[in-house]
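# Structural overview for review
So the chains spell out like this:
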Amino acid sequence: MATISGWFSQCYGRHPDAAWRAPGRVNLIGEHTDYNGGLVLPFAIGQTVRVAGAARPDGVLELASRQAPNDRVAISLDALEPGAVTGWAAYPAGVAWALAEAGHQVQGASLAIDSDLPQGAGLASSAALECAVAACSADLAGARLTRPELAALAWRAENDFVGMPCGIMDQSAAMLCQAGHALLLDCRTGESADVPLDPAGIGLQVLVIDTGVRHQLTGGEYASRRAECEQAADRLGVPSLREVTSEAALAGLADPVLARRVRHVVTENARVEDTVALLRAGRLAECGPLLTRSHESLRDDFEVSWPEADLVVGTALAAGALGARMTGAGFGGCVLALVPKDHAAAVADAVSAGFARPGLAAPSFLEVTPARGASPVIKARIR
Ligand code: GLA
């Protein structure tokens, strides 16, 4: 694979001035809690989006992606407004827009993009793209932004420019994670802490199984879950569902659908706390049942799982996984399974066989290790 600088030179016939990589993430636990002011526990993975860039004087943003080589995009920065750019280019264009909206001097830029993160697989490839572009563009503009500020800019690009009303988890994971750790993020206060996560150190592995089913998050289900949560908070008279800490509050909701949504959020926040306590006590091997209960809650109460994910979870558990759950927004993408290393091949074989039996397309498997957040490839001016 050519380096990102090599790809940039191929596209633009010169060397880049800055280049960054930003990782995808696997969310260990804490799903659909971020936009409810809740707790999340993602970790960054080794698969990344890389962006190299050079400033240009003409106010044009030019974009070239190795994953869409026939789709070069050039747009005047003056013309950037929500809705003006669609498809993959909306993410980098949205970041340029968000930087300008935040008052930074954004000049034109040529950007080259490359990635080894599967898209639409629930591994936060959009956030990785936004964060790599944000860090690279900040470097080019000489803007001194902190990592949380860059995450917030990337989040704004996705919400207000792309139009996907996501929470802050993925962008925070891409910017803030540390190798060998998961990131505990309190989405009510913005406080974060690194929690040790070293499966290999105790003979375990987080196996990520891509079901091959792809989601379209701007398609509406995500936004409707979010709206239901806001409606439930409103009816319960609280600013966000984070304020609900006991299932007793469900009695105040006549609508059974809203009650199920709230039960998921309340129990999921508690499961994050329990998982963090176990990790801090060096008891990762005991986290399995919490992961599986999270999946059941996402399947039955939040209703964002999909049949192939349920099949993977059931099959993996039967084949010796300690716990398993869908990861990400749902409706497609990946499942994670916590497995003893010497069971990993058997679990993968059982899942493959479980897909072959009803004639489903073969799933794929990803090895993931808790990795660091975004880092400069050739130049760093920000912290
Ligand atoms: C997507 C969003 C996140 C989060 C998850 C669900 O990944 O981008 O903000 O809401 O779904 O936990």
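Preceding this paragraph is the structure being described.
Residues numbered from 1 in each chain as written. Predicted model: local features only at pLDDT ≥ 70, side-chain atom pairs only at ≥ 80, totals over all residues. Heavy atoms only, no water.

### Quick notes on the packing of aromatic side chains
Remark: the centre distance and the inter-plane angle together describe each pair of aromatic rings, the angle taken between the planes. As a reminder, the rule being used: Centres within 6.5 Å are what make two rings of Phe, Tyr or Trp a pair, Trp counting through its six-membered ring; a difference in plane orientation under 30 degrees is then read as stacked, over 60 as edge-to-face, and the rest as tilted. Helix numbers and strand numbers start at the N terminus; a helix is a DSSP run of H or I with at least 4 residues, a strand a run of E with at least 2. Here's how the labels work: a residue is buried when its accessible area is under 20% of the maximum for its type, exposed when over 50%, partly exposed in between, all with a 1.4 Å probe on protein chains only.
All chains considered together, the criterion is met by three aromatic pairs. Between Phe8 and Tyr12 the ring centres are 4.8 Å apart and the planes differ by 50°, which places this aromatic pair in the tilted class. In this pair, Phe8 and Tyr12 are both assigned in helix α1 (residues 4-12), four residues apart and thus about one turn of the helix distant. Look at Phe8 and you get buried, because its relative accessible area is 0%. In this structure Tyr12 comes out as buried when scored by relative accessible area, which is 17%.

### Some words on the pattern of salt bridges
Any two side chains of opposite charge can pair, so long as their charged atoms come close to each other. How we decide: In the sections that follow, a salt bridge refers to a side-chain nitrogen of Lys or Arg positioned within 4 Å of a carboxyl oxygen of Asp or Glu.
The tally for this structure, following the rule as stated, stands at 24 salt bridges. Salt-bridge contacts for Arg14 lead to Asp17; the nearest nitrogen and oxygen are separated by 3.0 Å. The partner of Glu221 in a salt bridge is Arg225, with the nearest N and O atoms 2.9 Å apart. Placement of both Glu221 and Arg225 in helix α6 (residues 221-236) is noted, with a separation of four residues, approximately one turn of the helix.

### Focus on the layout of surface pockets
Note the threshold: Think of a 1 Å grid over the protein atoms and nothing else: a 1.4 Å probe that fits but is trapped marks a cavity, an open set flanked by protein within 12 Å on at least five of seven lines marks a pocket, and residues with an atom within 4 Å of a point count as lining. Grid points are joined across faces, edges and corners, and a volume is the space filled by probe spheres set on the points.
By volume, the largest pocket amounts to about 890 Å³. Lining the largest pocket are 45 residues, and of these Tyr91, Gly120, Ser125, Ser126 and Glu158 lie nearest its centre. Among the elements of the structure, α2 (90-101), β5 (108-115), α3 (125-141), α4 (147-162) and α5 (169-176) are those that each provide at least two residues to the lining of the largest pocket. Here the lining of the largest pocket gets four residues from one element, more than from any other, and that element is α3.

### Focus on the site of the ligand
Worth spelling out the cut-off: Neighbouring residues are identified by heavy atoms, a residue being near a molecule or strand if any of them is within 4 Å of it. Pairs of N or O atoms within 3.5 Å make up the polar contacts considered here, provided that, within protein, one atom can donate a hydrogen while the other can accept it, and that residues adjacent in sequence are counted only when both atoms are side-chain atoms. Every accessible area reported is derived by Shrake-Rupley at a probe size of 1.4 Å, with residue values counting cover from the shown protein chains alone. For this classification, the nonpolar set comprises Ala, Val, Leu, Ile, Met, Phe, Trp, Tyr, Cys and Pro, the charged set comprises Asp, Glu, Lys and Arg, and every other residue, Gly included, is treated as polar.
Taken together, the residues surrounding the ligand are Arg25, Glu31, His32, Asp34, Tyr35, Cys166, Gly167, Met169, Asp170, Tyr222, Gly328 and Ala329. In this structure, an oxygen atom belonging to the ligand sits 2.7 Å away from a main-chain N or O atom of His32. In this structure, Tyr222 approaches the ligand through a side-chain N or O atom, which is 2.6 Å from an oxygen atom. In isolation the ligand has 310 Å² of accessible area, and contact with the protein removes 97% of it. Taken together, the residues that form the shell around the ligand break down as five nonpolar, three polar and four charged.

### Section: the sheet that holds strand β11 (residues 364-367)
Inclusion rule: Strands are labelled as partners when DSSP assigns at least two bridges between them. To define axes, lines are fitted to C-alpha atoms, for helices over the stretch in contact only, and angles between the resulting N-to-C directions are given on a 0 to 180 degree scale.
The sheet built from four strands is open, its strands ordered β9-β10-β8-β11 with antiparallel pairing. Strand pairing shows two members of the sheet lacking a second neighbour, β9 (323-326) and β11, which therefore form its edges. The sheet shows a mean angle of 25° between the axes of neighbouring strands, direction not considered.

### Quick word on unusual backbone geometry
Comment: phi is negative for the bulk of residues other than glycine, and the bulk of peptide bonds are trans. Phi at His32 takes a positive value of approximately 60°, unusual for a residue other than glycine. Relative to the elements of secondary structure, His32 occurs in the loop between β1 (18-29) and β2 (39-56). The phi dihedral of Ala124 falls on the positive side, at around 65°, and the residue is not glycine. Here Ala124 is to be found in the loop between β5 and α3.

### Some remarks on the pairing of β9
On β9, burial covers both faces: Gly323 and Arg325 on one face and Ala324 and Met326 on the other are all buried. Here four bridges tie β9 to strand β10 (residues 334-340), and the two strands are oriented antiparallel to one another. Its bridge partner being in β10, Met326 is matched across the sheet by Val335.

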